[in-house]
Amino acid sequence: QTRLATGLTNLGVGLGSVDRHQKALDATQESVALLRTLLRTLAAGNPAAHQANLATALGNLGAGLDQAGRHPEALEARTESVRAYRELAARDPDLYQAEYQRSLGALRREYEQRGMRWEAIFHDLDDPPVGGGMDGGEAGGSVRDEPDG
């Protein structure tokens, strides 16, 4: 089933690249549904592998939904993808932190482009990335405008 889900994800990407967007969206939605089922039922063996595949498929689903003009659903899928990458990065920063940072940055840009400035600024601040802020520095530091002396 994992191979089928991966194949469906890849099929969705391929169909999208030849402008068969509805077929691509159908394949990707099927992949996401299958991966969610796998994550619920088979995750005990290797949850990270299934969650990483789901995060990728959700990102692709977001792109397909956006292409179809279904922007709110696209944003929802991409947000879920970022959450999955955040969980993966918390467990294995060396493997997933870069992808988490990339997908979080892209999601924040998308919020900004849609006129959702506050969502762009505050998205994911309740649970900061592993190792602190976007630059990988220490968490907890802040800049304050206080008078000297």
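Our subject is the structure that appears above.
What counts, and at which threshold
Residues numbered from 1 in each chain as written. Predicted model: local features only at pLDDT ≥ 70, side-chain atom pairs only at ≥ 80, totals over all residues. Heavy atoms only, no water. Helix = DSSP H or I, 4+ residues; strand = E, 2+ residues; numbered from the N terminus. Buried < 20%, exposed > 50% of the residue type's maximum accessible area, 1.4 Å probe, protein only. Contact = heavy atoms within 4.5 Å. Areas by Shrake-Rupley, 256 points an atom, 1.4 Å probe, with all protein chains shown as cover. Salt bridge = Lys/Arg side-chain N within 4 Å of Asp/Glu carboxyl O. Core = buried A, V, L, I, M, F, W, Y, C linked by side-chain atoms within 4.5 Å. Polar contact = N/O pair within 3.5 Å; in protein donor to acceptor, adjacent residues only side chain to side chain. Expected span 1.5 Å × (residues − 1). Patch = residues over 30% accessible without salt bridge, like charges linked within 9 Å, V, L, I, M, F, W, Y side chains within 5 Å.

Undergrad: I keep staring at the overall build of the chain and nothing clicks. Help me out?
TA: Summing up its helical and strand segments, the chain has 6 helices and 0 strands in all. Burial analysis of the chain (149 residues in total) assigns 35% to the buried set. Sequence separation of at least 24 residues holds for 52% of the intrachain contacts in the chain that already meet a minimum separation of 6. Surface summary for the chain: the accessible area is close to 9,100 Å², and the carbon and sulfur share equals 51%.

Undergrad: Just to check I follow, could you spell out the pattern of salt bridges for this structure?
TA: Pairs can form between side chains of opposite charge once their charged atoms are near each other. All chains considered together, the criterion is met by 6 salt bridges. One continuous salt-bridge network, built from bridges that share partners, spans Asp66, Arg78, Glu110 and Arg114.

Undergrad: Where do I start with the nonpolar core in this structure?
TA: The nonpolar side chains of soluble globular proteins are, as a tendency, buried together. Counting 14 residues, the largest nonpolar core has Val82, Tyr85, Leu88, Tyr96, Tyr100, Leu107 and Tyr111 as its most contacted members. Secondary structure elements with two or more residues in this core: α3 (47–67), α4 (71–91) and α5 (93–113). Core analysis: the second largest hydrophobic core is formed by 13 residues, Leu35, Leu38, Ala57 and Ala74 among them.

Undergrad: I'm lost on the side chain of Thr28 in this one. Help?
TA: Looking at the element boundaries, Thr28 is found in helix α2 (residues 21–42). Within polar-contact distance, the side chain of Thr28 engages the backbone oxygen of Ala24 at 2.8 Å. Setting aside its immediate chain neighbours within four residues, Thr28 contacts Leu8, Gly12, Ala57, Asn60 and Leu61.

Undergrad: Mind showing me how you'd approach α3 here?
TA: Along an α-helix, residues three or four positions apart point the same way, because every turn accommodates 3.6 residues. Across its 21 residues, α3 extends 30 Å between first and last C-alpha, which sits within 8% of the 30 Å expected from 1.5 Å per residue. When we look at burial in α3, the residues that qualify are His50, Gln51, Ala52, Leu54, Ala55, Ala57, Leu58, Leu61, Gly62 and Leu65. Just past α3, the residue Gly69 takes up positive phi, approximately 80°.

Undergrad: Which parts of the structure should I look at to understand a nonpolar patch on the surface?
TA: A cluster of nonpolar side chains, contributed by Trp118, Ile121 and Phe122, occupies part of the molecular surface with about 340 Å² of accessible area. Along the polypeptide, Phe122 turns up in helix α6 (residues 117–122). Under the relative-accessibility criterion, Phe122 is labelled partly exposed at 47%.

Undergrad: Where do I start with α5 in this structure?
TA: Helix length check: α5, at 21 residues, gives a terminal C-alpha distance of 29 Å against a target of 30 Å (1.5 Å per residue), a fit within 8%. Contact partners of the buried residues in α5: α3, α4 and α6. At the C-terminal side of α5, Gly115 shows a positive phi close to 75°.

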